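Architecture and fold: a report
Each chain is listed here by its residues.
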Amino acid sequence: SLREYIFNNSNLDEEFANITFNTNEVINKLNQLDVIIIGGNQSWINKIKEILSNWSYISANSINFDVKLLDNKYVLFNTDYVSHSMYYKVIENISRAKQLNFFSGATNIDLSLKKIYEIYYK
């Protein structure tokens, strides 16, 4: 699925830049999901964590995290900033999760929200 994600992601930023939506409605819907974000740079994580406060986050540097955190969660893998060892650890334990999705290319929080919303509510 990572290969498919990368293949389909080529023009996604331009496509999402033109979408308008009610930010509060999007945030409320997204916060209802039980999602764990893995990876991403720390400043992006800090910003998105303020908005999607009901979600869980695992830093790209936290390779020794308890894999039970993946249990019955939607896993959103931010491929912009993550190590190979983190990727392999998650893939080895992905059967614990409800679903795995990949996300990248958005340092802008509004664009990130649009992309994440599209992943879960297409």
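Worth saying up front: this structure is predicted, and the values here are computed from it rather than measured. (Residues numbered from 1 in each chain as written. Predicted model: local features only at pLDDT ≥ 70, side-chain atom pairs only at ≥ 80, totals over all residues. Heavy atoms only, no water.)

Residues of helix 5 (residues 84–92) that are buried: Met-86, Lys-89 and Val-90. The buried residues of helix 5 occupy one face: seen down the axis, they fall within an arc of 95°. Looking at helix 5, the residues exposed on the side facing more than 90 degrees away from the buried face are His-84 and Glu-92. Buried positions along helix 5 lie against strand 1 (35–39), strand 2 (56–58) and strand 3 (74–78). (Buried < 20%, exposed > 50% of the residue type's maximum accessible area, 1.4 Å probe, protein only. Helix = DSSP H or I, 4+ residues; strand = E, 2+ residues; numbered from the N terminus. Arc of directions from axis to C-beta. Contact = heavy atoms within 4.5 Å.)

All buried positions along helix 4 (residues 42–51) are accounted for by Trp-44, Ile-45 and Ile-48. Along the long axis of helix 4, the arc covered by the buried residues comes to 95°, so they all point the same way. Those residues of helix 4 that are buried lie in contact with strand 1, strand 2, strand 3, strand 4 (99–103) and helix 6 (109–121).

Now for the nonpolar core. Counting residues in each nonpolar core, the largest one holds 18 residues, and the members touching the most others are Leu-30, Leu-52, Trp-55, Leu-76, Ile-116 and Tyr-120. Among the secondary structure elements, those contributing two or more residues to this core are helix 3 (23–31), strand 1, helix 4 and helix 6. The element contributing the most residues to this core is helix 6, with four residues. Those residues within four positions of Trp-55 in sequence are excluded, and the remaining contacts are Leu-30, Asn-31, Leu-33, Val-35, Ile-37, Leu-76, Ile-116 and Tyr-120. Ile-38, Ile-58, Phe-65 and Phe-77 belong to the second-largest nonpolar core, a separate cluster that totals 13 residues. (Core = buried A, V, L, I, M, F, W, Y, C linked by side-chain atoms within 4.5 Å.)

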